[in-house]
Structures are given as C-alpha cells and as structure tokens.
Amino acid sequence: MSELYSEIIKSKTSLQIPVFFDGRPMHSKYNPVQEGMTFAGQVKEYSGFIVVLGIGGGYHIKSISERFPEAHILAIENSADDLNFLKNIQCIQDLQKNKKITFAACEEKSEISRLLTSLYIPAFHGNLSICVHRAWAEHLPEKTKLLTKYIQQILSEISADYSVQAHFGKIWQHNIMQNLYFFSEYSKKHSDCFQITQNFPTEKTAAVIAAGPSLDSSIEELKLNRKNYYIISTDTALNSLLRNRIIPDAVISIDGQNVSHTHFMFTKKELELNFFAKTLFIFDLCSNPDSIRQILNNGSKILFTRNSHPLSAIAGNFLKIQSGSGTVTIAACDFARKAGFSKIKTFAADFSYFSGKAYAKGTYLEQNFNGNSYRLNSGEQQYDTLMFRTPLILKDIRKKIYTTEVLESYRKTFEQWQSDSSNKAACICEISNPKAFSFGDFFKKLISTQNNANGNFSALLPYIAFLRKDKSFQNKDFSELLKLAQSTLLQYNSWL
C-alpha cells in the first residue's frame, strides 16, 4: 500500500488532521498548533534553509515559517498521491501561497537532488537544518533512513562545491575583474593577440595532455605520431612537453591561484623553441592574471573562456567551458569537443600516484623542489610531503599505485563528463573572443545592477561564500553580507 493516510478528521480545536492507515493521527487531536510550535522550537537558530520530512497537516511547517520568516522550507512527503490528498487540508492550501515553502514527494532520489541543488544556495541561505516529524518517521522508518541518507549525500556534494567557493571566492572575483580589464585595454593596441581562427584541424585526434606520472612513458608516442595529433596541453604539463621539444597547438589554464603563473616561467632553452607564435593559449576568466600578463608580453594568441561563475556569465559572449569540479583536464577535453574534434585521446590523466611519483618530469614542481633542496630537505622529501599530506588509498599493490579522496573526486568528475551524452558528439561552437569589450561599460552596468533594489545579486555569491568562511560573518544576515560584497566592487572604480 503506497498511501500513508486514510482520512482527515478534526481536532478539538476544529482543525483538520490527517490520520494514518493504522488509525493514529499525525498531529495532536487536542491542539496541533501548540504541538507545531514545540516542533519549530527545536529547529536550530540561524537556519536559513530547512528540510522537513513529513508534511501531514502542515501545522509544524507553519510554525517554522513564522519563527524563520526569511528561511526557505523544503517539505517532503511520502508520495505524490499522499501530497495531493493532503492538499485538501486548509492549512496546506494556505502554506502553498507562501513562495518560501516548496512541497515535494520523495518517490525519486533524482527529484530530491534537483530540488536541493536548485533551491539551496549556501552563500545566500547560510545554515541548513533537517527536521523529521516523529509520528511520520515511525510509520516510515526505512524510508526516513533512506531519505536522510540521500539528503546528506547531496549536501556533501553541495558542501564540497561551496567549500571551493569559500576558498576561492575573493580570488575569483579579483581575477575576473582584472582579466576583463586586460582584455578591454590590451585589445585596443594589440587586437591581433585576440583574433582567433576557427579553422581547427578536426580530422586529427585531439590529444589532451595532463601531467600525471605516466606522461614520462607515453611521451615517445607523442613524438612519433606528432603529425596525427592536435595537442592540447594542460598548463601543468606544458614544461614537460617543451623539455621534450614538443610544441603544443594549444595550452589551457583555469587555475586562479598565484602559483599557476610558474607554469609560464620558461627556461632559455624553452624560449628558443619560439612556440609563442605557434600556440594558442586558452585562459578562463578566473585564471591568475600574472599568467596572462606573461603570455601577452610574448605576443601569443589568447582565447578567453568562462565557467559557471555568475560574474563571468554576465561579462559577455565568452565561450563557456566545463571543468567539472575545477579539473583542467576536463576543461581541455571540453574545449576539444566544442572546437569540433570527434576523436579525443587523453595522456597522463592518471588521477593517482605511482612508482613514488606525483607528477611527470619537467613540471614546475620539479623546478621548485630541486631548486630549493638541500641536505636536510631534499627534492624527494618534498615530493613525499606532497603525496603524504592526506591519507593515501592503495589501488594496485603490484604497480604501487595510490590515490587520495581528492584525486578520486577528480576522476569521478571526469568520468561523469565522459558519460554525459551531450559531450559525446563534436559541437563546433563560436571559437573566438567577443568582437569588442569595454570594461568601463561593463563596470557601470555591474554597479547599476547591484545598486538596484531588484537587481540580480548572483554575481557576488561566490564572494559572499568567502565572507561566510569568517566565523564573525557566519550568522550575519544576507543583506549585511551583500552590502559588504557590493562595497568591494567600488575599488575597481580607480581603473576607469
């Protein structure tokens, strides 16, 4: 029997109460409102998003909405049939008019996932609380456990993405603004650096080069079959290719951290290859500006792309590239697919350590570690520190292959990109920079939007996530954090 309720009766206070099939009412037959207030009183303070398992007559939900008027409530019921049955109750009908309350049935895990990921915005809502109606849970013990597990899994994924926003929110905002300024100002004098051809040799195989340890053994294949590949190098693998005198056709970088500019600090021998005129450099708008400045100074072609960051989304018609959880290998593959390549082959996308190595030879780590090594802190010890900074997971004892939770998450994200049907067919998109871009016009539009009471504030959400990382800001109202985030935009006025 899928239905949970058998009938609706009235309490001593003439309020409608649903009754379970075993004859027990879901709410107090004497005072369901008071009971609902007691339930709401148990919800944690500063809850901005509340998931309620068990809708029933809705009196507990009404009390929660009265105690937390600014919070969003996602109320989940056993099935669509039960939810439709409960809509005959006046309290439920009244609650449906509240735009901050969403009713849902729990028949599909995918639907719960869709609702949570679309409705719950950590930077906006802050803390999330899960509340279970005891009588409802007693009648659905297995479903309650399963639902709670589902929700916690989804929240774990949201939390992982949010923690990245909290860490990089400030860096991303600065980098996007700085790179848009570069594009606006630099293109006035050197427009040829941003004129990108769309004639990619799509009859070739796009070889995406990561910097895993296996690159050392596969480098010979790239040399022997160079003419058959359109080589797209990740920024980490660039120096490894150059030391083997392999000039990539394209290089892609998405990292906003300052350390990423070391990928573009070349030796004299590497500069002698004169690869700047032959290689297309692809930079996400969130990328480190020092990296871009170094490439611009060498006169290379640069293509700016964007990810899902809301600030870059409103900047202009830049090519959107997927990068999963921020994996440059996925970004390189996605660029290849959007450029029209039907055949993509990855090299050194290992997502693991093996034979005691973290990366291929020639990466920036090798230069940094060996350059700073001494008797008591050798390069090998520095590599070991890198690999053992988090617990290792043994994958293959014979080949001595180890991984970590972070590397496993990158691998799973990469496999998700591969399995997505929309990524399996070549798709020739507009591969070019916007024809014209004025930083001044963009900045004025951005400020105007933020100063508008009805403006779209999504562009500042990653920065607000960064602010919430500070304990003194965690329980602040969103309006206070928004004002603080808006004030940071004014510093860019000096660039005009």
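The rules behind the values
- Residues numbered from 1 in each chain as written.
- Predicted model: local features only at pLDDT ≥ 70, side-chain atom pairs only at ≥ 80, totals over all residues.
- Heavy atoms only, no water.
- Salt bridge = Lys/Arg side-chain N within 4 Å of Asp/Glu carboxyl O.
- Helix = DSSP H or I, 4+ residues; strand = E, 2+ residues; numbered from the N terminus.
- Buried < 20%, exposed > 50% of the residue type's maximum accessible area, 1.4 Å probe, protein only.
- Pairing = 2+ DSSP bridges.
- Axes fitted to C-alpha atoms, helices over the stretch in contact; angles between N-to-C directions.
- Contact = heavy atoms within 4.5 Å.
- Parallel < 35°, antiparallel > 145°, perpendicular 65-115°, else oblique.
- Left-handed = near helix turned anticlockwise from the far one by under 90°.

Enquirer: For this particular structure, what's the right way to read the pattern of salt bridges?
Expert: It is possible for side chains of opposite charge to pair when their charged atoms get near one another. The full count for this structure, using the stated rule, is 13 salt bridges. Across the pair Arg293 and Asp290 runs a salt bridge whose closest N-O atoms are separated by 2.5 Å. Taken together, the positions of Arg293 and Asp290, both in helix 12 (residues 289–296) and 3 residues apart, correspond to about one turn of that helix. Residue Arg293 is classed as partly exposed on the basis of its relative accessible area of 33%. Of the residues examined, Asp290 reaches a relative accessible area of 28% and is grouped as partly exposed. For the salt bridge of Asp334 with Lys338, the shortest nitrogen-to-oxygen distance reads 2.6 Å. Pair noted here: Asp334 and Lys338 are both in helix 14 (residues 328–338), with a separation of 4 residues, about one helical turn. With a relative accessible area of 16%, Lys338 lands in the buried category. Connected through salt bridges with shared partners, the residues Lys395, Glu408, Arg411 and Glu415 form a single ionic network.

Enquirer: Mind showing me how you'd approach the sheet that holds strand 4 (residues 72–77) here?
Expert: The strands making up a sheet are joined through hydrogen bonds of the backbone, oriented either antiparallel or parallel. Read from one edge of the open sheet, 4 strands run 5-4-3-6, paired in parallel fashion. Only two strands of the sheet have a single partner each, and these edge strands are strand 5 (101–105) and strand 6 (127–132). Adjacent strand axes in the sheet meet at a mean angle of 20 degrees when their direction is disregarded. Judged from the 6 bridges that link them, strand 3 (residues 47–53) and strand 6 form a sheet pairing that is parallel. Residue pairing across strands places Ile50 opposite Ser129, the latter belonging to strand 6. Strands in contact with helix 5 (residues 109–119) are strand 3, strand 4, strand 5 and strand 6; relative to strand 4, the strand with the most contacts, it is inclined by about 175 degrees. Its contacts with the sheet put helix 8 (residues 141–189) on strand 3, strand 4 and strand 6, and the angle it makes with strand 3 is roughly 150 degrees.

Enquirer: Explain the packing of helix 19 (residues 461–468) against helix 20 (residues 478–489) here, please?
Expert: For any two helices packed against each other, one specifies the crossing angle of their axes together with the interaxial distance. In contact at an axis separation of 10 Å, helix 19 and helix 20 are set at 115 degrees when each is read in the N-to-C sense. The pairing of helix 19 with helix 20 is recorded here as roughly perpendicular in orientation. Note that helix 19 runs across helix 20; the crossing there is right-handed. Contacts between helix 19 and helix 20 pair Leu461, Tyr463, Ile464, Leu467 and Arg468 from the former with Phe478, Leu481, Leu482, Leu484, Ala485 and Thr488 from the latter.

Enquirer: Sorry if this is basic, but what is going on with the pairing of strand 10 (residues 280–284) here?
Expert: Remember that side chains alternate between the two faces of the sheet whenever the strand is regular. Within strand 10, 5 of the 5 residues are buried, which leaves the element mostly enclosed by the surrounding structure. Residues Leu280, Ile282 and Asp284 of strand 10 are buried on one face, and the alternating residues Phe281 and Phe283, pointing to the opposite face, are buried as well. Relative to strand 10, strand 9 (residues 250–253) runs parallel, the two sharing 4 bridges. Bridge pairing in strand 10 places Val251 opposite Phe281.

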